[in-house]
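Okay, here's what each chain looks like letter by letter:
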Amino acid sequence: MQPTIANAPPVSMKAHALPFDADTFVLSYPKAGRTWLRAIVGKLLVDRYGFSERRMLDTQALTRLAGIPAIGFDHDGSAMRYHVRWQDMPTDRGVYAGKRVLLMNRDVRDNLVSAYLQATRRNGEWGEPISPFLRHDWYGVDKILAFHRIWSANRQVPAQFMHVRYEDLHRDTAGTLARVLPFLGLDADAGAIAAAIDYCRFDNLRQAEVEQRFRGSALVPGRVDDLESYKVRKGKVGNYTEYLSADDIAYIDEAVTARGCEFTRASLIH
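Summarised in this report is the structure supplied together with it. (Residues numbered from 1 in each chain as written. Predicted model: local features only at pLDDT ≥ 70, side-chain atom pairs only at ≥ 80, totals over all residues. Heavy atoms only, no water.)

Concerning the environment of Leu62
Inspection of the secondary structure puts Leu62 in helix α2 (residues 59-65). Here Leu62 falls in the buried class, since its relative accessible area comes to 0%. Sequence separation of Leu62 and Val46 is 16 residues, and the distance between their C-alpha atoms is 7.8 Å. When residues no more than four places from it in sequence are discounted, the contact partners of Leu62 are Gly42, Leu45, Val46, Phe51, Arg55 and Met56. (Helix = DSSP H or I, 4+ residues; strand = E, 2+ residues; numbered from the N terminus. Buried < 20%, exposed > 50% of the residue type's maximum accessible area, 1.4 Å probe, protein only. Contact = heavy atoms within 4.5 Å.)

Set out below in structure tokens:
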């Protein structure tokens, strides 16, 4: 097990700046299921424009090469490696004025479990049990809730804003994409969308991760023999019950009820 880094110094996040230059930003808290959407969008781009499949996750570069408005995927300052307390997260999102922002989120409980496995099995951010992780100012439930409250307060800042839940993409992939793709400035016929969805099945993306099929480190397992260390892990909804105690679930639910917003309270709808 990796050692905890609870005493590591935080990275300064006093000023909020655009992570890179793009026309449209797909933003999410870490481990909200955004890589799946990124893979589908990338597959549509490489198939339509004849790019190498190895570049499938290089969305910003692909859109620029295609001569269409650039799309970038980012965690908007919430990545665990920054070690920023939820109390210290910048609240001004004025840098997104004139941009399009798609905010993606998922059930807070599933998100926290996936983030915990990322922190323990992939990047060594954490070495303790899950209960203190859920309550930690850098990683826990209040960090997720603060991130989404900030966007709830700033949703009018971008020129256009859309919110989509991972559960919607999971339940009705084609229907959700019918809303999302035009917002991203992409058009694709039903056949191309169906082919991209089929290619991005979780079993195929898992195999692609084993083979390191795509350029970069976005889809590389922490350990090939540890399925919990994969970026594409299970792709299930409601899987948190396998990892969280009743007390931990109650703690999260109470926090969401007390300090959540419209983006996160949907987690409590069973």
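There's plenty left to go through after this.
A short note on helix α1 (residues 34-49)
Each α-helix turn comprises 3.6 residues. Residues three or four places apart therefore point the same way. In this model α1 runs 23 Å from its N-terminal to its C-terminal C-alpha over 16 residues, within 8% of the 22 Å that 1.5 Å per residue would give. Here α1 lies mainly inside the structure; twelve of its 16 residues are buried. Looking only at α1, the buried set comprises Arg34, Thr35, Trp36, Leu37, Ala39, Ile40, Val41, Gly42, Lys43, Leu44, Leu45 and Val46. Positive backbone phi, approximately 75 degrees, marks Gly50, located one or two places after α1. (Expected span 1.5 Å × (residues − 1).)

Quick word on the environment of Val95
By secondary structure assignment, the location of Val95 is in the loop between β2 (71-74) and β3 (100-105). According to the relative accessible area criterion, Val95 is partly exposed, its value standing at 28%. Spatially, the C-alpha atoms of Val95 and Pro19 are 9.8 Å apart, while their sequence positions differ by 76 residues.

What about the packing of aromatic side chains?
Following the criterion strictly, the structure yields 14 aromatic pairs and no others. Look at Trp36 and Tyr166: their rings are 6.0 Å apart centre to centre, the planes differ by 65 degrees, and that puts the pair in the edge-to-face class. Of the two residues, Trp36 sits in helix α1 while Tyr166 sits in helix α6 (residues 166-171), which places them 130 residues apart along the sequence. Comparing Trp36 with Tyr166, the two get one shared label, buried. Here Phe133 and Tyr139 contribute two aromatic rings whose centre-to-centre distance is 5.3 Å and whose plane-to-plane angle is 5 degrees, an arrangement assigned as stacked. On the basis of relative accessible area, Phe133 is assigned to the buried category, the value being 0%. Through a chain of ring-to-ring contacts, three or more aromatic side chains come together here, namely Phe20, Phe25, Tyr96, Trp151, Phe161 and Phe263. The ring of Tyr199 carries Lys43 above its face, with NZ or CZ at 4.2 Å from the centroid. In this arrangement the basic side chain of Arg106 is found over the ring face of Tyr166, its NZ or CZ atom lying 4.8 Å from the centre. (Phe/Tyr/Trp six-rings, centres within 6.5 Å; stacked < 30°, edge-to-face > 60°. Lys NZ or Arg CZ within 6 Å of the ring centre and 35° of its normal.)

Some words on unusual backbone geometry
Within the chain, Lys31 stands out as a residue other than glycine whose phi angle is a positive 70 degrees. Here Lys31 shows up in the loop between β1 (24-28) and α1. Even without being glycine, His83 reaches a positive phi, approximately 55 degrees. When you line up the elements, His83 lands in the loop between β2 and β3.

Considering the sheet that holds β1
Spatially, β2-β1-β3-β4 is the arrangement adopted by the four strands of the open sheet, whose pairing is parallel. In this open sheet, the two edge strands, each paired with only one partner strand, are β2 and β4 (160-165). Pairs of neighbouring strands in the sheet enclose a mean axial angle of 20 degrees, with direction left out of account. Sheet topology note: the β3/β4 ladder contains six bridges and is parallel. Residue pairing across strands places Leu103 opposite His163, the latter belonging to β4. Packing against the sheet, helix α5 (residues 141-154) makes contact with β1, β3 and β4, and its axis sits at approximately 145 degrees to β3. Its contacts with the sheet place helix α7 (residues 173-183) against β1, β3 and β4, and it is angled at close to 155 degrees to β4. (Pairing = 2+ DSSP bridges. Axes fitted to C-alpha atoms, helices over the stretch in contact; angles between N-to-C directions.)

A look at α5
Over its 14 residues, α5 extends 20 Å from the first C-alpha to the last, a length consistent with the 20 Å expected when each residue adds 1.5 Å. Burial of α5 is extensive: eleven of the 14 residues sit out of reach of the surface. Of the surrounding elements, those touching the buried residues of α5 are β1, β3, α3 (108-122), α4 (130-134), β4 and α10 (246-259).

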